[in-house]
Amino acid sequence: MNLLALDTSTEKMSLAVQRSDAASHTSELWQHSAEGGAQTSAHLIPAIQSLMAQAGLAFSQLDAIVFGSGPGSFTGLRTACSVAQGLALGANVKVLPMDTLLAVAEEARSQHAAGLGHFQVQALLDARMDEMYAARYVFTSGLWTQTEGHRLIHPEDLDCDAAWTLAGNVFVNYGARLPCPEAPRVEVLPTAAAMLRLAPALLAAGAALPADQALPLYIRDKVAKTTLERAAEKAAA
């Protein structure tokens, strides 16, 4: 399949393009990563255009555009969704919203458990405001299953045990506050390459959508503290 994947849900921007050759049954992969955050909106579309040119693909040749739908940065999710929608509408292709925590789990499996037939992981992403996003996934028989849905929790409230690998970007800020210090910890982010590995099974299951139906996945309704809340925290400190 010919696929474009993009993720801007964290502090890193991750892009990947897969081009497949039907005659030889092979695929090639082009990747790009850069700083995200405030830089994303200025660099995302030029970076996508450059990667597509390297792959020798027109947007109309894509089977789908995959984007990290969340959870993650409020602005980053909106950016990825709107860019994916705009490109897909112009090229008349579908979009595939991708669970960013599932992409974290897949990236951890690829880097640290690629040879294992069974892998269970709690994916964790820093949600700021002293909280993190969490979900549980199990990989077996070549497929992922989500066993516990998305949650927005404080680090101390994570329910875990040593049999589950903890994977994500929370360990620098919250590592000392997490339960289960004996559980394996893997520092990874959701990547576009991980999303491309996940995409075929999701596309086969009918998860692709018309571009105008794609939406970001927000777990938190409140994205910032008020001035009074910040002042109260400062006074308490």
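In this convention, every chain numbers its residues from 1, walking through the sequence in written order. This being a predicted model, a pLDDT of at least 70 is required before a residue's local features are given, and a value of 80 or more before pairs of side-chain atoms are given or counted; all residues contribute to the totals for chains, interfaces and linings. Think of the side-chain values as coming from all heavy atoms in the structure, minus any hydrogens and water.

(A) The arrangement of the pairing of strand 1 (residues 3-7) in detail. Exposure categories follow from relative accessible area, calculated using a 1.4 Å probe and restricted to protein chains: below 20% of the type maximum is buried, above 50% is exposed, and the middle band is partly exposed. The secondary structure listing takes helices from DSSP runs of H or I that are at least 4 residues long and strands from runs of E that are at least 2 residues long, numbered from the N terminus. Burial of strand 1 is extensive: five of the five residues sit out of reach of the surface. Alternating residues of strand 1 divide into L3, A5 and D7 and L4 and L6, and every residue in both groups is buried. By definition, two strands form a pair when at least two bridges between them are found by DSSP. Here strand 1 pairs with strand 2 (residues 12-21) via five bridges, running antiparallel. When the bridges of strand 2 are listed, D7 appears paired with S14. Counted along the chain from strand 1 to the antiparallel partner strand 2, the turn is four residues long. Taken together, the four bridges between strand 1 and strand 4 (residues 64-70) define a ladder with parallel strand orientation.

(B) Up close: helix 1 (residues 40-55). Multiplying one less than the number of residues by 1.5 Å gives the expected span of a helix. If you check helix 1, its first and last C-alpha atoms are 22 Å apart, about what 16 residues at 1.5 Å a residue would give, namely 22 Å. Buried within helix 1 we find T40, L44, A47, I48, L51, M52 and A55. The buried residues of helix 1 occupy an angular sector of 130° when the element is viewed end-on, so they sit on one face. Residues of helix 1 that are exposed and point more than 90 degrees away from the buried face comprise A42 and A53. Residues count as neighbours in contact if any of their non-hydrogen atoms are within 4.5 Å of one another. In this structure, the buried side of helix 1 is in contact with strand 1, strand 2, strand 3 (26-35) and helix 2 (74-91). Looking one or two residues past helix 1, G56 carries a phi angle of roughly 70°, positive in sign. Arc definition: it is the arc formed by the directions from the helix axis to the C-beta atoms.

(C) Focus on the pairing of strand 3. Bridge count between strand 2 and strand 3: 10 bridges; the pairing is antiparallel. Residue pairing in the sheet places D21 in a bridge with T26 of strand 3. A loop of four residues connects strand 2 with strand 3, the two strands running antiparallel in sequence, and H25 in this loop sits at a positive phi of about 55°.

(D) How the structure looks around the environment of C160. Relative to the helices and strands, C160 resides in the loop between strand 8 (143-153) and strand 9 (165-168). The spacing of C160 and A183 is 23 residues in sequence and 8.2 Å in space, taken between C-alpha atoms. What C160 contacts, discounting residues up to four positions off in sequence, is Q122, R136, L166, P179 and C180.

(E) A look at the sheet that holds strand 5 (residues 94-99). If you walk across this open sheet you meet the five strands as 3-2-1-4-5, and the pairing is mixed. A single partner strand is all that each edge strand has here, and the edge strands are strand 3 and strand 5. Sheet twist, expressed as the average angle between the axes of neighbouring strands with direction ignored, equals 20°. Taken together, the six bridges between strand 4 and strand 5 define a ladder with parallel strand orientation. Residue pairing across strands places I65 opposite V95, the latter belonging to strand 5. All axes here are fitted lines through C-alpha atoms, helices being fitted over the stretch that makes contact, and every angle between N-to-C directions spans 0 to 180 degrees. Against the sheet, helix 1 makes contact with strand 1, strand 2 and strand 3, and its axis sits at roughly 20° relative to strand 2, the strand it touches most. In the packing of helix 3 (residues 100-112) onto the sheet, the strands contacted are strand 1, strand 4 and strand 5, and the crossing angle to strand 5 comes to about 70°.

(F) Quick look at the packing of helix 3 against helix 5 (residues 192-204). Packing of helix 3 against helix 5 brings their axes to within 9 Å, and their N-to-C directions diverge by 100°. Between helix 3 and helix 5, the crossing angle belongs to the class labelled roughly perpendicular. Of the residues in helix 5, those in contact with T100, L102, A103, E106, E107 and S110 of helix 3 are A194, M195, R197 and L198. Put simply, Ala, Val, Leu, Ile, Met, Phe, Trp, Tyr, Cys and Pro go in the nonpolar bin, Asp, Glu, Lys and Arg in the charged bin, and everything else, Gly too, in the polar bin. Tallied by class, residues from the contact of helix 3 with helix 5 come to five nonpolar, two polar and three charged. In this scheme, roughly parallel covers angles under 35 degrees and roughly antiparallel covers those over 145, while 65 to 115 is roughly perpendicular and the rest are oblique.

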